[in-house]
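Given next are the chains, with one letter for each unit.
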Amino acid sequence: MHLPEIALEEALQEGECALCWLAQKQLLRRVDTLFAEHVNDPQWRQLLREGKGFCAYHAHLVLSRADVLSLSIIAEDLLTHISITASTKRARSAWHCQLCEAQAHDMEQMAKLLAQLLRQAEWRVRYEAGKGLCLPHLRQVLMNACPEVQTWLTANESQRWQALRKQLQEVIRKHDYRFQHEPWGEEIGSWRRAMHKLYGVFAEEVHNER
Ligand SMILES: [Zn+2]
Ligand SMILES: [Zn+2]
């Protein structure tokens, strides 16, 4: 197996959505590498000065991971070089986020690869054993898949959706005072898993139980 395939195999085992899991892993690695190795890289500095910075979400992530010195160097450089004037193109629009862009590119590649791999029976077994994909990533893979894979994948995820619906119905039922004494089973956390299925959020936010 090649490296991207090994990464996908691991993601199918570990992720609440395989591609969300992979995206998060690659994102953390990218942020760590940038701040460990590129703080004094003139090209990266220039990119940041030209407005390819971070969206608020990724700025928050950067803040939680980068060290104080690196952050101070980068922030001081940007405060020196960025113009406040309202008339510039940069000032009118939000930051163009280099991490969002890199992530979108990575996921496009991975969605294409997964669509290809799911032609093979062994990859369908791997997919079935995992937790599948969130809806945004599912649609991305479907867009890149042949009709036969599209049919298989749609049927597979439909079953997962049905199972989730049953669990959610159990949660709703157990909020009725007549059934409140009943013990909870596999439906615990189903609302988190369902929100993840629909919108794709990071796995660690999904694993918190009730
Ligand atoms: Zn996802
Ligand atoms: Zn971003």
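This text goes with the structure placed above it.
Residues numbered from 1 in each chain as written. Chains lettered and ligands numbered in written order. Predicted model: local features only at pLDDT ≥ 70, side-chain atom pairs only at ≥ 80, totals over all residues. Heavy atoms only, no water.

Caption draft 1: Region of interest: the overall build of the chain. Counting its regular elements, the chain contains twelve helices and zero strands. The helix and strand sequence of the chain, counted from the amino end, reads α-α-α-α-α-α-α-α-α-α-α-α. Computed over the C-alpha atoms, the radius of gyration of the chain is 21 Å, more than 25% above the 17 Å expected from 2.2 N^0.38 for a compact globule of 210 residues. Accessible area of the chain: about 12,600 Å², with a carbon and sulfur share of 58%. Computed over 26 positive and 27 negative side-chain charges, the inter-centroid distance for the chain is 5 Å. (Helix = DSSP H or I, 4+ residues; strand = E, 2+ residues; numbered from the N terminus. Rg over C-alpha atoms; globule rule 2.2 N^0.38 Å. Areas by Shrake-Rupley, 256 points an atom, 1.4 Å probe, with all protein chains shown as cover. Lys, Arg positive; Asp, Glu negative; His and termini not counted. Charge placed at Lys NZ, Arg CZ, Asp CG, Glu CD.)

Caption draft 2: Quick look at the coordination of the zinc ion (ligand 2). With distances of 2.0 to 2.3 Å, the protein atoms coordinating the zinc ion (ligand 2) are C55 (SG), H58 (ND1), C97 (SG) and C100 (SG). Counting gaps between the donor residues of the zinc ion (ligand 2) yields the pattern C-x2-H-x38-C-x2-C. One end of the pair, H58, is in helix 4 (residues 56-65); the other, C97, is in the loop between helix 6 (89-92) and helix 7 (98-117), with 39 residues separating them in the sequence. Accessibility expressed as a relative area gives 7% for C97, which makes it buried. (Donors = N, O, S within 2.8 Å, 3.2 Å for Na, K, Ca; no water. Buried < 20%, exposed > 50% of the residue type's maximum accessible area, 1.4 Å probe, protein only.)

Caption draft 3: Examining the nonpolar core more closely. Counting 30 residues, the largest nonpolar core has L8, L19, L118, Y127, L133, V141 and L153 as the members making the most contacts within it. Mapped by element, the contributors of at least two residues to this core are helix 1 (3-14), helix 2 (18-37), helix 7, helix 8 (121-129), helix 9 (135-144) and helix 10 (147-174). Formed by 16 residues, the second largest nonpolar core is a distinct cluster that contains L27, C55, V62 and C97. (Core = buried A, V, L, I, M, F, W, Y, C linked by side-chain atoms within 4.5 Å.)

Caption draft 4: Inspection of the packing of aromatic side chains at higher detail. Counted under the stated rule, the structure contains four aromatic pairs. Measuring from centroid to centroid gives 6.4 Å for F35 and F54, while their planes differ by 35 degrees, and the two rings are tilted. Of this pair, F35 sits in helix 2 while F54 sits in the loop between helix 3 (42-49) and helix 4; the two residues are 19 residues apart in sequence, bridging distant segments of the chain. On the basis of relative accessible area, F35 is assigned to the buried category, the value being 6%. On the numbers, 6.4 Å between centres and 85 degrees between planes, the contact of W184 with W191 is edge-to-face. Under the relative-accessibility criterion, W184 is labelled partly exposed at 22%. When its relative accessible area of 29% is taken as the criterion, W191 is described as partly exposed. In this structure an aromatic cluster arises from ring pairing among F35, W44 and F54. Directly above the ring of F179 sits R173, whose terminal nitrogen or CZ lies 4.7 Å from the centroid. (Phe/Tyr/Trp six-rings, centres within 6.5 Å; stacked < 30°, edge-to-face > 60°. Lys NZ or Arg CZ within 6 Å of the ring centre and 35° of its normal.)

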